[in-house]
Amino acid sequence: MLDDEDQSPEFQLRVVRQFDEFTAKEWSSLAGTSKGHGNYNPFLSYHFLNALEKSASATSATGWRPYHLRLETADGILLGAVPAYLKSHSQGEYVFDHGWADAYERAGGRYYPKLQICVPFTPATGSRLLHNRDYEPAAIRQALALGLQQLTDQLGISSAHVTFVDEAQLKPLEKADFLHRTDLQFHFINNGFSQYDDFLSEFSSRKRKLIKKERKEALSNGITIEWLQGEQITEDVLDQFFAFYMDTGSRKWGRPYLTREFYTLIGETMADDILLVMAKRDGRYIAGAINFIGSDTLFGRHWGCIEDHPFLHFEVCYHQAIEFAIQHKLDKVEAGAQGDHKIARGYQPVLTHSAHYITHQGLRNAVADYLDTERQDVMRMAVSLQDHLPFRKTPELDT
């Protein structure tokens, strides 16, 4: 708990050591956490965050010790909150600080534990300084940002990291001495398309032909695609998808982050927010990708397969996601971290943001210098990548 003298007379800040100390009802009062109340982000829902802990995916045993921040009135009304974890490593974050940790520890410092503010294992942009919809957000966000700074100082740890944060929330974090970092992701932007062919018509002729050929080859060998939602997401289907996830995750990361129980929990509590894109051949599923549906965004997450087929990954993860977004009039698809191969499929470079509070002045100065250079490099890369988009050039650019 933060010291009493650090509290405003209007509210108090305290640490919550497990997510279910919040109630589902009070959590749903926070902007963005529930359907029908503005811009819904499924990763910020009570059910998603609670499932991460209940399933033993994000716990002290896995290096994610819950350390959530709660801002409340004197009589306990929730004004704001921050999903936060004391981390003993830097895995599962997708904003890489391994170099900072190595440099600090070589100099005799102790980088871990650190405070990580994010949705574990989820490189998707969203609010991190969550505010009650019935209150003015600016003051709440500033109180939460300062609370993170104070908590980091009081714990005597090296740093706090707010990753994949909405750009609009950078201002209160920078006022609390957080450093700004940028990176790139690749998103599909729906420009009011009524069908996939409308989107494809914006490609140059050569690249449009390549995509059509790729999609045809992906579904050769008798492969068909199914979209599963709601009651169609049974335990048997989840068993099969989890086998895909374990196979691919084990090869990519060494040990997949999410447990089988996690999928059961989200299947029970938020199946209507899930899209499973499943590939079938000879009567059985052979590959699949899980997506989460927000109010205006389809978020692509994990993929896996038990058979390798050319271009099937691109079909299941990228082309099908675009088709679903267009059909359901969603504004965009966020297809996860990294991957400039997405550009050829019509995904555009988009800046992502994080904020970092470093307690040691020497390390802070070094990181600040690095981030100044990195931001410039990221911007140059974003501009350069525009030249590689598959879309037809305007007449002015063709002459």
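Above this text you will find the structure in question.
Below you will find a few notes about this structure. A quick note: this is a predicted structure, and the numbers were derived from the prediction, not measured.

Looking now at the packing of helix α7 (residues 205-218) against helix α10 (residues 312-327). Their axes nearest at 9 Å, the elements α7 and α10 cross at an angle of 115 degrees. For the pair α7 and α10, the crossing hand works out as left-handed. Where α7 abuts α10, its residues I211, E214, R215 and A218 lie against L312, F314, E315, H319, Q320 and E323. Its residues assigned to classes, the contact of α7 with α10 comprises 4 nonpolar, 2 polar and 4 charged.

Side-chain direction in a regular strand flips from residue to residue, so the side chains alternate between the two faces of the sheet. Every second residue of strand β6 (residues 114-117) is oriented toward a common face, with K114 and Q116 on one face and L115 and I117 on the other, all of them buried. Of the strand pairs in this sheet, strand β5 (residues 84-87) and β6 are connected by 4 bridges, and their pairing is antiparallel. Bridge pairing links K87 to K114 in β6.

For the structure shown, the criterion picks out 31 aromatic pairs. Aromatic pair F199 and F203: ring centres 5.1 Å apart, planes at 85 degrees, arrangement edge-to-face. By the burial criterion, F199 is buried, and F203 matches it. Each member of the aromatic cluster is reached from another via a ring pair, and the members are F43, F48, F241, F242, Y245, F262, Y263, F292 and F299. Taking the ring centre of Y196 as reference, the NZ or CZ of R215 above it sits at 4.5 Å.

In terms of burial, helix α2 (residues 46-54) is a largely internal element, 7 of the 9 residues being buried. Packed against the buried residues of α2 are α1 (24-27), β2 (64-66), β3 (68-72), β5, α9 (260-269) and β12 (284-293). Residue A56 follows α2 closely and has a positive phi angle near 65 degrees.

Conventions and cut-offs
Residues numbered from 1 in each chain as written. Predicted model: local features only at pLDDT ≥ 70, side-chain atom pairs only at ≥ 80, totals over all residues. Heavy atoms only, no water. Axes fitted to C-alpha atoms, helices over the stretch in contact; angles between N-to-C directions. Helix = DSSP H or I, 4+ residues; strand = E, 2+ residues; numbered from the N terminus. Left-handed = near helix turned anticlockwise from the far one by under 90°. Contact = heavy atoms within 4.5 Å. Nonpolar A, V, L, I, M, F, W, Y, C, P; charged D, E, K, R; others polar. Buried < 20%, exposed > 50% of the residue type's maximum accessible area, 1.4 Å probe, protein only. Pairing = 2+ DSSP bridges. Phe/Tyr/Trp six-rings, centres within 6.5 Å; stacked < 30°, edge-to-face > 60°. Lys NZ or Arg CZ within 6 Å of the ring centre and 35° of its normal.

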